[in-house]
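Structure assessment
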Amino acid sequence: FSFLDSRISIDSVKINSLKDTKIKDFYIQYQYKTVWDNSSYRDFMLNELSKAEDEGLEPEDYSYSTLKNYEEKFSDLKDSTKIKYDLLLTENTLRYINHISKGKLNPYKIYNNYDVPEKKVEDVKILYDCIDNNNFSSAIENCKPNHIIYQKLKKALKTLRAMPQESFTGVVDLTEKFKKNKKNKNIPLIKKKLMYWGDMEEKDSILSTVLDEKTQEALKKFQKRHGLFPDGVPGRSTLDALNYTRNMRIEQVIANLERWRWYKNSFGNHYLLINIPDYKISAIKDGDTIQTQRVVVGKDTRKTPILESKVSNINLNPNWTV
């Protein structure tokens, strides 16, 4: 420590009575003294917690407002309050390290066919590294997944949150079939949704109820972006995607950020990635997708298991018996 003289002694009885054994052992390691006396350490961690939303997490899950309030009055705090602040910051930093490393939820309690090895996080060891070596920036960053899809989801979340709330309401249904150059009462609402998501130019009229060529072209853009067959016809899958609101998309991105935290932070340089909902397998080599193929997946009655495994062999001509 470079700040030994500024550390405050904590009553050993208080430490030994803590229910969380990890935190208890942590403070015993530091001779029953405060560990957050360095203001740059506190500033880094508070700044990190304030940006938890960027990772699809909630700052208040880590008592951010309370911690920030303590920090703003730090120089005037009594020693007893500084100890309380120190303990609270340690507790929430460890919680954040766990959440950012392996997620908030336990996938084994959600899925009965989940066969990905459980992620082990040495949260206390990571915090030791931060404090002993002033290594907060790289240590915390290394806790986060570095998959390109995770990074893209973070960008998508930022974009969605920057968008204004929809100025319209309503759900498009399939009570009437959509036909090219024919009228349908739902077309104006479809146009509003396409304009909102940027697939149709704002200047296009929303009054017409005709499924015209401009609307179809905009629908094709929307369909392509959502991995749907771009035929320009609003079928069930297209309408389901159109009926998602901005807030629903935000929730969807947050859920997928959480799922990515359940996996290894890196799959290595070469790997196969199976996207079950998209019925596709991709081969990635040195960060580039070199091949993509369609695959068969399970159904509700017999679901494809979620797993992570090394490829041991490939059978190019398997025996197939019905």
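Owing to the predicted nature of the structure, the values given are computational and were not obtained by experimental measurement.

Considerations on the overall build of the chain
Secondary structure summary: the chain contains 13 helices and five strands in total. Taken against the 2.2 N^0.38 rule, which gives 20 Å for 322 residues, the C-alpha radius of gyration of the chain at 26 Å runs more than 25% over that of a compact globule. Each of the three principal axes of the chain carries a C-alpha extent, and together these read 80 × 55 × 35 Å. A total of 322 residues make up the chain; the buried ones form 39% of that total. Within the chain, contacts between residues separated by at least 24 positions form 59% of all contacts whose residues are at least 6 apart in sequence. As displayed, the chain has an accessible area near 20200 Å², and 50% of this comes from carbon and sulfur atoms. Put simply, the chain has 54 plus and 45 minus side-chain charges, and the middle of one group is 6 Å from the middle of the other.

Focus on the environment of Asp-123
Examined against the element boundaries, Asp-123 turns out to sit in helix H7 (residues 123–133). On the basis of relative accessible area, Asp-123 is assigned to the buried category, the value being 4%. As a C-alpha pair, Asp-123 and Glu-258 span 135 residues in sequence and 18 Å in three-dimensional space.

A few points about the nonpolar core
One finds Tyr-27, Trp-36, Tyr-96 and Ile-190 to be the most contacted residues of the largest nonpolar core, which totals 72 residues. Element by element, the count of residues in this core is highest for helix H5 (residues 79–102), at nine residues.

What to know about the packing of helix H10 (residues 187–196) against helix H11 (residues 213–225)
At their nearest, the axes of H10 and H11 sit 10 Å apart, and the two run at 50 degrees to each other. Considering their axes alone, H10 and H11 lie oblique with respect to each other. Between H10 and H11 lies a crossing of left-handed hand. For the pair formed by H10 and H11, the contact residues are Ile-190, Lys-191 and Leu-194 on the first element and Thr-215, Ala-218, Leu-219 and Phe-222 on the second. Broken down by class, the residue content of the contact of H10 with H11 amounts to five nonpolar, one polar and one charged.

Thoughts on the sheet that holds strand E3 (residues 280–285)
Through backbone hydrogen bonds, the strands of a sheet pair up, either in parallel or in antiparallel fashion. Overall, antiparallel pairing links the three strands, which are arranged E2-E3-E4 in an open sheet. At either end of the open sheet lies a strand with only one pairing partner, and these are strand E2 (270–275) and strand E4 (288–294). Strand-to-strand twist of the sheet, defined as the mean angle between neighbouring strand axes without regard to direction, takes the value 20 degrees. Where E2 and E3 come together, six bridges link them in antiparallel fashion. Bridge pairing links Tyr-271 to Ile-284 in E3.

With respect to the pattern of salt bridges
Per the stated rule, a full pass over the model turns up 17 salt bridges. Lys-144 is the salt-bridge partner of Glu-48, the closest N and O atoms lying 2.9 Å from each other. Placement of the pair is Glu-48 in helix H3 (residues 39–50) and Lys-144 in the loop between helix H8 (136–141) and helix H9 (148–162), with a sequence separation of 96 residues. Accessibility assignment for this pair places Glu-48 and Lys-144 in one class, buried. Across the salt bridge formed by Lys-220 and Glu-217, the nearest N and O atoms sit 3.4 Å from each other. Of the two residues, Lys-220 and Glu-217 both sit in helix H11, three residues apart, roughly one turn of that helix.

Section: the pairing of E4
Bridge count for E3 against E4 is six bridges, and the pairing is antiparallel. The partner of Ile-281 across the bridge, within E4, is Gln-293. Hairpin connection from E3 to E4: two residues lie between these consecutive antiparallel strands, with Asp-286 at a positive phi of about 50 degrees.

So, the packing of H3 against helix H4 (residues 64–72)
At a minimum axis distance of 10 Å, the contact between H3 and H4 shows a crossing angle of 150 degrees. Put simply, H3 runs roughly antiparallel to H4. The handedness of the crossing between H3 and H4 is left-handed. Seen from H3, the contacting residues are Arg-42, Asp-43, Leu-46, Leu-49 and Ser-50; seen from H4, they are Tyr-64, Leu-67, Lys-68 and Glu-71. Per-class residue counts for the contact of H3 with H4 are four nonpolar, one polar and four charged.

Examining H7
Restricting attention to buried positions, one finds in H7 the residues Asp-123, Val-124, Ile-126, Leu-127, Cys-130 and Ile-131. An end-on view of H7 places all buried positions within 160 degrees of arc, on one side of the element. Opposite the packed face of H7, turned more than 90 degrees from it, sit the exposed residues Lys-125 and Asn-133. Residues of H7 that are buried in the fold lie against helix H2 (21–29), H3, H5 and H8. Looking one or two residues past H7, Asn-134 carries a phi angle of roughly 50 degrees, positive in sign.

Rules of the game
Residues numbered from 1 in each chain as written. Predicted model: local features only at pLDDT ≥ 70, side-chain atom pairs only at ≥ 80, totals over all residues. Heavy atoms only, no water. Helix = DSSP H or I, 4+ residues; strand = E, 2+ residues; numbered from the N terminus. Rg over C-alpha atoms; globule rule 2.2 N^0.38 Å. Buried < 20%, exposed > 50% of the residue type's maximum accessible area, 1.4 Å probe, protein only. Contact = heavy atoms within 4.5 Å. Areas by Shrake-Rupley, 256 points an atom, 1.4 Å probe, with all protein chains shown as cover. Lys, Arg positive; Asp, Glu negative; His and termini not counted. Charge placed at Lys NZ, Arg CZ, Asp CG, Glu CD. Core = buried A, V, L, I, M, F, W, Y, C linked by side-chain atoms within 4.5 Å. Axes fitted to C-alpha atoms, helices over the stretch in contact; angles between N-to-C directions. Parallel < 35°, antiparallel > 145°, perpendicular 65-115°, else oblique. Left-handed = near helix turned anticlockwise from the far one by under 90°. Nonpolar A, V, L, I, M, F, W, Y, C, P; charged D, E, K, R; others polar. Pairing = 2+ DSSP bridges. Salt bridge = Lys/Arg side-chain N within 4 Å of Asp/Glu carboxyl O. Arc of directions from axis to C-beta.

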